[in-house]
Amino acid sequence: QVQLVESGGGLVQAGGSLRLSCAASGRSFSSYNMGWFRQAPGKEREFVAAISWTGGTNYEDSVKGRFTIARDNAKNTVYLQMNSLKPDDTAVYYCAADVTRRTVPSIRKGGYGYWGQGTQVTVSS
């Protein structure tokens, strides 16, 4: 069983930055693929970024160049650094874990078996 706890959300003005953290339980964090998804009111949960257990990354097109995903295996934590934030980035952000050791991190919700409770990010214009 993997438990995920997100933190770091909040209210920020457009153009600002936030760093989200996701702390994971379990002894095998270094072998998990980790993903960030977001869900805005009235919309489907969508892929944001992912990092494989080997360090490979993948980003949704609208966040490329603005968001960076990283992991610290010693701390069992994955981060999402978000810069140049826009009002359209407003959403609840969820951390997810895939323990199947697939080579390429999934961009699909179904590719992840464990989810955190989410953290709210609000970007004001």
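As shown above, the structure is provided for reference.
Counting restarts for each chain, with residues numbered from 1 along the sequence as it is written. For this predicted model, a pLDDT threshold of at least 70 governs which residues receive local features, and a threshold of 80 or more governs which side-chain atom pairs are given and counted, while totals over whole chains, interfaces and linings are taken from all residues. Derived side-chain values reflect all non-hydrogen atoms in the structure, with water molecules and hydrogen atoms excluded from consideration.

Brief notes about the state of the cysteines
Thinking step 1. Pairs of cysteine sulfur atoms within 2.5 Å are what we label disulfides. Overall, the coordinates contain 1 disulfide when judged by the stated rule.
Thinking step 2. In this model cysteine 22 forms its disulfide with cysteine 95; the gap between the sulfur atoms is 2.1 Å. Measuring the twist about the S-S bond at about -75°, one finds the cysteine 22-cysteine 95 disulfide to be left-handed. With cysteine 22 in strand 3 (residues 18-24) and cysteine 95 in strand 9 (residues 91-98), this pair connects stretches of sequence that are 73 residues apart.
Thinking step 3. Exposed residues in this analysis have more than 50% of their type's maximum accessible area, buried residues have under 20%, and partly exposed residues fall in between, with area computed by a 1.4 Å probe over protein chains only. For cysteine 95, a relative accessible area of 0% gives the class buried. Here a helix means four or more residues in a row that DSSP labels H or I, a strand means two or more in a row labelled E, and each is numbered from the N terminus.

What to know about the packing of aromatic side chains
Thinking step 1. Each aromatic pair joins two rings of Phe, Tyr and Trp (for Trp, the six-membered one) with centres within 6.5 Å, and gets the label stacked for planes under 30 degrees apart, edge-to-face for over 60, and tilted for any other angle. Inspection of the entire model under this criterion finds 5 aromatic pairs.
Thinking step 2. Taken together, the ring pairs in this structure connect Phe37, Phe47, Tyr112 and Trp115 into an aromatic cluster.
Thinking step 3. Should the NZ of a Lys or the CZ of an Arg lie within 6 Å of a ring centre and within 35 degrees of the ring normal, that charge is described as sitting over the ring. Taking NZ or CZ as reference, arginine 45 lies 5.0 Å from the ring centre of tryptophan 115, over its face.
Thinking step 4. The ring of phenylalanine 29 is capped by arginine 71, whose NZ or CZ atom sits 4.7 Å from the centre of that ring.

Notes on the nonpolar core
Thinking step 1. The criterion is simple. A nonpolar core is a set of buried Ala, Val, Leu, Ile, Met, Phe, Trp, Tyr and Cys residues joined through side-chain atoms within 4.5 Å. Core analysis: the largest hydrophobic core is formed by 29 residues, its most contacted members being Met34, Trp36, Val78, Leu80, Met82 and Tyr93.
Thinking step 2. Sorting the residues of this core by element identifies strand 3, strand 4 (33-39), strand 5 (46-51), strand 7 (67-72), strand 8 (77-82), strand 9 and strand 11 (119-124) as the ones contributing at least two each.
Thinking step 3. Any two residues whose heavy atoms approach within 4.5 Å are treated as being in contact. Excluding residues within four positions of it along the chain, tyrosine 93 makes contact with Glu6, Leu20, Trp36, Phe37, Arg38, Val48, Phe67, Leu80, Met82, Gly118, Thr119 and Val121.
Thinking step 4. The next biggest cluster of nonpolar side chains, apart from the first, holds 5 residues, and it includes Phe37, Ala50, Ala96 and Tyr112.

Observations concerning the sheet that holds strand 1 (residues 4-7)
In a beta sheet, neighbouring strands are held together by backbone hydrogen bonds and run either parallel or antiparallel to one another.
Thinking step 1. When DSSP locates at least two bridges between a pair of strands, those strands are taken to pair. The antiparallel open sheet is built from 4 strands, whose spatial order is 1-3-8-7. In this open sheet, the two edge strands, each paired with only one partner strand, are strand 1 and strand 7. Each strand of the sheet is rotated relative to its neighbour by a mean of 15°, with strand direction disregarded.
Thinking step 2. With 6 bridges connecting them, strand 7 and strand 8 associate as antiparallel partners. Bridging from a neighbouring strand, isoleucine 69 pairs with leucine 80 of strand 8. Angles here are taken between N-to-C directions and fall from 0 to 180 degrees, while the axes themselves are lines fitted to C-alpha atoms, restricted in helices to the stretch in contact.

So, unusual backbone geometry
Thinking step 1. Positive phi, normally seen in glycine, also occurs at asparagine 76, with a value near 50°.
Thinking step 2. Tracing the sequence through the fold places asparagine 76 in the loop between strand 7 and strand 8.
Thinking step 3. Unlike most non-glycine residues, serine 84 shows phi in positive territory, near 50°.
Thinking step 4. Tracing the sequence through the fold places serine 84 in the loop between strand 8 and strand 9.

Details of the pattern of salt bridges
Thinking step 1. A pairing counts as a salt bridge when a side-chain nitrogen of Lys or Arg comes within 4 Å of a carboxyl oxygen of Asp or Glu. Throughout the structure, instances matching the rule amount to 5 salt bridges.
Thinking step 2. In this structure, aspartate 89 engages arginine 66 in a salt bridge whose closest nitrogen and oxygen atoms are separated by 2.8 Å. With aspartate 89 in the loop between strand 8 and strand 9 and arginine 66 in the loop between strand 6 (57-59) and strand 7, this residue pair connects regions lying 23 residues apart in the sequence.
Thinking step 3. The exposure class assigned to arginine 66 is buried, which follows from its relative accessible area of 10%.

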